Amino acid sequence: MKEFIHNKVRVIDDFFAEFNQVQKLFAGKSFDFEHRLNAFLTRLSDYFENRGESSKESEALRIRNMLLTVKRGFDPSKMEKISSGKGELLWGFSYNGIESLDRLLQEVYKKEITKLDEGEEILSNLILNLCQQGVLSDEKLKDLDTIPKIEVYWSYLLSQNGTISVINKKLLTNLIPEDIYLLVEKVVYKITTQ
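Residues numbered from 1 in each chain as written. Predicted model: local features only at pLDDT ≥ 70, side-chain atom pairs only at ≥ 80, totals over all residues. Heavy atoms only, no water.

Novice: Lay out the nonpolar core in plain terms, naming residues and giving numbers.
Specialist: Within soluble globular proteins, side chains that are nonpolar generally end up buried alongside one another. Residues Phe40, Leu44, Leu67 and Leu101 are the most contacted members of the largest nonpolar core, which totals 28 residues. Within the residue set of this core, elements represented by two or more residues are helix H1 (5-27), helix H2 (33-51), helix H3 (54-71) and helix H4 (86-132). Beyond its immediate chain neighbours, meaning those up to four positions away, Leu101 contacts Phe19, Leu37, Phe40, Leu41, Leu44 and Ile63. With 23 residues, the next largest nonpolar core counts Leu116, Ile127, Leu130 and Leu141 among its residues. (Core = buried A, V, L, I, M, F, W, Y, C linked by side-chain atoms within 4.5 Å. Buried < 20%, exposed > 50% of the residue type's maximum accessible area, 1.4 Å probe, protein only. Helix = DSSP H or I, 4+ residues; strand = E, 2+ residues; numbered from the N terminus. Contact = heavy atoms within 4.5 Å.)

Written out as structure tokens, the structure reads:
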């Protein structure tokens, strides 16, 4: 089942905000860092589990388990008991975990933003084309100022024009209708404020 991409991006933004706080704790060598990182990893792995993204869940769990292994007195890279320097080793592996988490979050974010950017480009071209053909007047564009109005007009366009139906099907491969309406709103706003 496809997901509401705008919402997913917002959720990932929230994860980034929390992750940045964790990184600040790391940089400040805060005693709260370890607890907050563990809580973050738990939330992140739960999020991926609920979405059915096993590989990303596995990566979050791998980082968490790596840090737990160091806490228990073992070097996860060598699987040897740590005789001294456990704190320094924990900070080193924590940094490694932070880098892996950053790559993971960036990858997820870029994937979703790319879907929205591609949809926005398709809709920009379509709306400008409709304006050039006289299907969309300046007055009509200005009238499309709410999502319900956009939804009604989009449905009208789909029923009137087979080409737009094909474009809609292409958009629906990555987006849900609510994403499309929000992107139309964004494009219309850009056009009417220029």
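Novice: Run through the side chain of Lys56, naming residues and quoting values.
Specialist: In this structure, Lys56 sits in helix H3. When its relative accessible area of 12% is taken as the criterion, Lys56 is described as buried. The contacts of Lys56, once residues within four sequence positions are left out, are Phe48, Leu104, Glu107 and Val108.

Novice: I'd like to hear about the side chain of Asn168, residue by residue, with values.
Specialist: For Asn168, the position within the fold is in helix H7 (residues 162-171). For Asn168, a relative accessible area of 11% puts it in the buried group.

Novice: Give me the lowdown on the packing of aromatic side chains, citing residues and values where you can.
Specialist: Enumeration according to the criterion identifies 10 aromatic pairs in this entry. Where Phe19 meets Phe40, the ring centres are 5.5 Å apart and the plane angle is 25°; that geometry is what we call stacked. Within this pair, whereas Phe19 is found in helix H1, its partner Phe40 is found in helix H2, the two being separated by 21 residues in sequence. Residue Phe19 is classed as buried on the basis of its relative accessible area, which comes to 0%. Note on Phe40: relative accessible area 0%, which makes it buried. One aromatic cluster is present, formed by Phe15, Phe19, Phe40, Tyr47 and Phe48 through successive ring pairs. Lying across the ring of Phe74, Lys81 places its NZ or CZ 5.5 Å from the centre. (Phe/Tyr/Trp six-rings, centres within 6.5 Å; stacked < 30°, edge-to-face > 60°. Lys NZ or Arg CZ within 6 Å of the ring centre and 35° of its normal.)

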